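Coordinate inspection notes
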Amino acid sequence: MTPNTPLGEVQPGAAPSPALRHLFAAVTAGLFGGLLTLSAAIAYPAVIFTGSMAVHLGIGITLALFTSMVLGAVVAWGSSYPAAIAQAQIETAVVLGAIAIVVAETAGSADAEVRLATLLVVIAVATVSLGLGFVLLGAFRLGNVIRYIPFPVIGGFLGYIAWLLAKGGIAIMLGRPLDLETGLALLQPELLLRWLPAALLALALLVLQLKRRHFLNLPVVLLLALTGFWLIAWLGGGTPATLLAGGHVLEPLAPEQRWSPLRLPMALAAVDWQVVLAALPQIAVVSLIATITLLLTASTLEVASRRPVDLNRELTVAGIGNLLAALGGGLPGYHSVSASLLPHYLGTRSRLVGLIGALMCAGTLVFGGPLLAYVPTLLIGLVLLYLAFDITAELILDRWPLIGAGEKAVMLVVLAALVGIGFVEGIVIGIVAGLAVFAINYARLGVVRAQGGGRAFASNVMRPPAQANRLE
């Protein structure tokens with residue numbers, strides 16, 4: 001600045017101030033992180049509200065948006081990783097999706113209102129349980145205890161999540177549940193065009209991430225897919241009405257599907273409590289899987305940013321956020337590792353990042369209902385299939401070569417039990433099998449490292465002959 005330059009006026013070509021650069025990086029990271037959070041809030045509820053519950057998908061999206069708004073703001077305020085972004089998560093959504101199937105079958109004789117009310121209460125109970133569990137673990141500083149769960153159990157469950165993600169992604173693009181009959185017809189031309197483009201894009205995105213991982217890969221591919229879909233629809237003469245009728249886009253929120261603070265209290269009057277009680281073991285699985293995933297996420301953020309992350313503080317903050325989200329019937333959630341790494345790569349640690357993402361979810365929750373009619377089901381399927389491919393690739397390429405034959409067998413047993421029997425049974429079988437493999441492996445090791453006597457390992461102390469004879 002020259003002496004004649006007015007105070008506060010920046011000369012042309014002058015570099016922006018450090019504060020301005022930090023603000024720009026924080027806003028950029030917040031916007032991109034918010035987009036990832038919005039895509040998750042739109043995609044993940046499709047895993048829960050499927051089958052006969054699919055007509056209530058709009059309600060599930062509003063619940064995910066509410067969770068991401070409340071939880072995102074709380075975590076941004078109190079996390080030991082300042083730029084953390086939290087949202088509704090796919091791991092808990094997958095378990096709740098399995099519970100939703102049981103709710104639909106068990107309460108099948110009841111009317112749709114009872115089934116919906118029961119599912120909403122189950123979701124609220126799961127969110128409250130998760131919040132209380134997080135708070136208690138953090139208060140008693142037990143953040144490291146959960147790391148003793150055998151990896152084959154976690155790996156088998158991750159494989160099951162990948163299976164359900166792929167199944168849910170294809171189901172939402174087809175507009176019907178994916179069963180044996182539908183699976184045999186997937187190669188028919190009319191069905192092939194519904195899911196194959198998303199599968200190819202998801203595979204291309206996975207290859208791109210494996211070759212050159214970057215935080216912009218996912219939003220750029222999603223933007224290209226969205227643009228390409230509407231360009232092809234426009235060239236083909238499709239209208240929003242015809243696309244909606246054909247199941248190619250999401251339905252806009254009806255007035256009764258918009259989020260309301262009164263929805264959960266009203267659901268309490270129509271809930272089937274026997275179904276809720278029967279779902280408690282699966283709800284416990286939600287808390288277990290969420291705790292494991294949150295601690296792994298916090299450890300990943302710690303390693304990537306090379307800064308310490310207080311695991312117990314993250315548990316406490318996420319627990320408070322879930323308890324507040326449960327007041328509005330929100331879905332369980334916690335930190336997003338992909339969205340939370342964005343600020344690190346952009347060079348910012350501002351808490352403004354998470355707050356911007358929470359504000360974007362709030363704006364979409366209030367004003368974004370009609371915009372859902374412009375979201376293709378192909379986009380939702382693309383996100384779910386990519387997550388399935390990414391989990392599978394990590395297990396096969398990174399984890400599988402590092403474990404022994406016994407652990408591989410346990411992982412496959414856990415996966416088969418989860419698919420063929422159920423959640424609780426699969427987890428219990430996995431823990432028992434993992435402990436058995438652990439015991440067998442360590443039983444093969446020698447208990448004594450070395451043995452010998454005074455002649456081989458004599459001390460360097462010179463003793464009188466009488467004492468030496470007694471030692472001998």
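Here the structure is a predicted model, which means the values were calculated and not measured. (Residues numbered from 1 in each chain as written. Predicted model: local features only at pLDDT ≥ 70, side-chain atom pairs only at ≥ 80, totals over all residues. Heavy atoms only, no water.)

Examining the overall build of the protein
Rule in force here: Under the DSSP-based scheme used, a helix requires at least four consecutive residues in state H or I and a strand at least two consecutive residues in state E, with every element numbered from the N terminus. Burial classes: relative accessible area under 20% of the type maximum marks a residue as buried, over 50% as exposed, and values in between as partly exposed (1.4 Å probe, protein chains only). Should any heavy atoms of two residues lie within 4.5 Å, those residues are counted as being in contact. Here the open area of atoms and residues is found with the Shrake-Rupley method and a 1.4 Å probe, where only the protein chains shown may cover a residue.
A count of helical and extended segments in the protein gives 20 helices and 2 strands. Residues counted as buried form 49% of the 472 residues belonging to the protein. Residue pairs at least 24 apart in sequence account for 82% of intrachain contacts in the protein once pairs closer than 6 positions are excluded. Just so you have it, the protein exposes about 23,900 Å², and 68% of that area is on carbon and sulfur atoms.

Digging into a nonpolar patch on the surface
Spelled out, the test is: Residues forming no salt bridge and having over 30% relative accessible area are the ones grouped into patches, like charges within 9 Å of each other and nonpolar side chains (Val, Leu, Ile, Met, Phe, Trp, Tyr) within 5 Å. Take a side-chain nitrogen of Lys or Arg and a carboxyl oxygen of Asp or Glu: if they are within 4 Å of each other, that pair is a salt bridge.
Taken together, the side chains of Leu-20, Leu-23, Val-27, Leu-31, Leu-352 and Leu-355 make up a nonpolar region of the molecular surface, amounting to roughly 460 Å² of accessible area. Secondary structure elements with two or more residues in the nonpolar patch: helix 1 (18-43) and helix 16 (352-367). The greatest single-element share of the nonpolar patch, amounting to 4 residues, is contributed by helix 1. Inspection of the secondary structure puts Leu-352 in helix 16.

Details of the packing of helix 3 (residues 57-78) against helix 16
Put simply, the rule is: In this analysis an axis means a line fitted to C-alpha atoms, helices contributing only their contacting stretch, and an angle means the value between N-to-C directions, from 0 to 180 degrees. Each angle receives one of four descriptions, namely roughly parallel if under 35 degrees, roughly antiparallel if over 145, roughly perpendicular if within 65 to 115, and oblique otherwise. Each crossing gets its hand from how the near helix is turned against the far one by less than a right angle, where anticlockwise is left-handed and clockwise is right-handed. Gly is put with the polar residues, along with every residue not named as nonpolar or charged; the nonpolar set is Ala, Val, Leu, Ile, Met, Phe, Trp, Tyr, Cys and Pro, and the charged set is Asp, Glu, Lys and Arg.
For the pair helix 3 and helix 16, the least separation of the axes is 8 Å and the interaxial angle reads 155°. The orientation of helix 3 with respect to helix 16, classified from their angle, is roughly antiparallel. When you trace helix 3 past helix 16, the crossing you get is left-handed. Mapping the contact onto sequence places Thr-62, Leu-65, Phe-66, Ser-68, Met-69, Gly-72, Ala-73 and Ala-76 in helix 3 and Gly-354, Leu-355, Ala-358, Cys-361, Ala-362, Thr-364 and Leu-365 in helix 16. In terms of residue class, the contact of helix 3 with helix 16 is built from 10 nonpolar, 5 polar and no charged.

Brief notes about the packing of aromatic side chains
Formally: Note on aromatic contacts: the rings of Phe and Tyr and the six-membered ring of Trp form a pair at centre separations within 6.5 Å, being stacked when their planes are under 30 degrees apart, edge-to-face when over 60 apart, and tilted otherwise.
Summed over the entire model, instances satisfying the criterion amount to 3 aromatic pairs. Each ring, one from Phe-229 and one from Trp-230, has its centre 5.3 Å from the other, and the planes form 85°; the classification is edge-to-face. Judged by its relative accessible area of 23%, Trp-230 is partly exposed. An angle of 45° between the planes, with centres 5.8 Å apart, marks the rings of Trp-230 and Tyr-374 as tilted. Residue Trp-230 is located in helix 9 (residues 217-235), and its partner Tyr-374 is located in the loop between helix 16 and helix 17 (377-399); the two are separated by 144 residues in the primary sequence. Through successive ring pairs, a cluster of aromatic residues spans Phe-229, Trp-230 and Tyr-374.

Structural notes on unusual backbone geometry
One non-glycine residue, Arg-141, adopts positive backbone phi at about 55°. Within the element layout of this structure, Arg-141 appears in the loop between helix 5 (112-139) and helix 6 (151-174).

Notes on the environment of Glu-407
Here Glu-407 is to be found in helix 18 (residues 405-420). Under the relative-accessibility criterion, Glu-407 is labelled partly exposed at 27%. In this structure the C-alpha to C-alpha distance between Glu-407 and Val-153, which are 254 residues apart in sequence, comes to 9.1 Å. When near neighbours in sequence (up to four residues on either side) are disregarded, Glu-407 contacts Pro-152 and Val-437.

Considerations on helix 9
Formally: Working rule for helices: expected span equals 1.5 Å times residues minus one.
Here helix 9 is 19 residues long and its end C-alpha atoms lie 27 Å apart, about the 27 Å a rise of 1.5 Å per residue gives. Residues of helix 9 that are buried include every one of Asn-217, Leu-218, Pro-219, Val-221, Leu-222, Ala-225, Phe-229 and Ala-233, and no others. The inward-facing, buried residues of helix 9 abut helix 1, helix 8 (189-211), helix 10 (240-245) and helix 17. Two residues or fewer after helix 9 comes Gly-237, characterised by a positive phi angle close to 80°.

Remarks on the nonpolar core
Stated formally: Nine residue types can take part in a nonpolar core, namely buried Ala, Val, Leu, Ile, Met, Phe, Trp, Tyr and Cys, and a core is a set of them joined through side-chain atoms within 4.5 Å.
Ile-48, Leu-165, Leu-250 and Ile-380 are the most contacted members of the largest nonpolar core, which totals 126 residues. Per-element accounting of this core gives the leading share, 13 residues, to helix 17. Among residues more than four places away in sequence, those in contact with Leu-250 are Ile-42, Leu-57, Ile-61, Ile-172, Leu-244, Leu-372, Ala-373, Val-375, Thr-377 and Ile-380.

Notes on empty space enclosed by the protein
Filter applied, for reference: Only protein atoms enter the 1 Å grid, on which a cavity is a set of points fitting a 1.4 Å probe that cannot get out and a pocket is an open set with protein on both sides within 12 Å along at least 5 of 7 lines, lining residues being those with an atom within 4 Å of a point. Grid points are joined across faces, edges and corners, and a volume is the space filled by probe spheres set on the points.
Tallied over the full model, the rule gives 2 cavities of 30 Å³ or more. In this structure, the largest cavity encloses a volume near 60 Å³. Forming the walls of the largest cavity are Leu-63, Leu-120, Trp-259, Ser-260, Pro-261, Arg-263, Leu-264, Leu-327, Gly-328 and Gly-329. The residue makeup of the lining of the largest cavity, split by class, is 6 nonpolar, 3 polar and 1 charged. What lines the second largest cavity is Ile-61, Thr-62, Leu-65, Leu-253, Thr-364, Leu-365, Gly-368, Gly-369 and Leu-372. Sorting the residues of the lining of the second largest cavity by element identifies helix 3 and helix 16 as the ones contributing at least two each. Broken down by element, the residue count for the lining of the second largest cavity peaks at 3 residues, all from helix 3.

Observations regarding the environment of Met-360
With respect to the helices and strands, the residue Met-360 is situated in helix 16. C-alpha of Met-360 to C-alpha of Leu-65: the two residues are 295 residues apart in sequence and 9.3 Å apart in space. Beyond its immediate stretch of four places on either side in the chain, Met-360 contacts Gly-30, Leu-31, Gly-34, Leu-35 and Leu-38.

Observations regarding the confidence of the model for the protein
Keep this limit in mind: Each residue carries a pLDDT score, the predictor's confidence in it, ranging from 0 to 100.
Looking at the protein as a whole, its pLDDT mean stands at 81, while 87% of the residues score no less than 70. Taken element by element, the protein is modelled with least confidence in helix 7 (residues 180-184), mean pLDDT 66, and with most confidence in helix 14 (residues 311-326), mean pLDDT 95. Confidence drops under pLDDT 50 across residues 5-10; counting only partners more than four residues distant or on other chains, this segment forms 4 contacts.

Let's talk about the side chain of Ser-80
Considering the arrangement of structural elements, one finds Ser-80 in the loop between helix 3 and strand 1 (86-88). Residue class for Ser-80 comes out buried when judged on its relative accessible area of 16%. Contact partners of Ser-80, with chain neighbours within four places excluded, come to Val-309, Asp-310, Arg-313, Glu-314 and Arg-349.

Here we look at the packing of helix 8 against helix 17
Interaxial distance between helix 8 and helix 17 falls to 8 Å at its minimum, and their mutual angle equals 45°. On the basis of their axis angle, the class for helix 8 and helix 17 is oblique. Judged by the sense of rotation from one axis to the other, the crossing of helix 8 with helix 17 is right-handed. Contacts between helix 8 and helix 17 pair Pro-197, Ala-198, Ala-199, Leu-201, Ala-202, Leu-203, Leu-205, Leu-206, Gln-209 and Leu-210 from the former with Leu-378, Gly-381, Leu-382, Leu-385, Tyr-386, Phe-389, Asp-390, Ala-393 and Leu-397 from the latter. Taken together, the residues that form the contact of helix 8 with helix 17 break down as 16 nonpolar, 2 polar and 1 charged.

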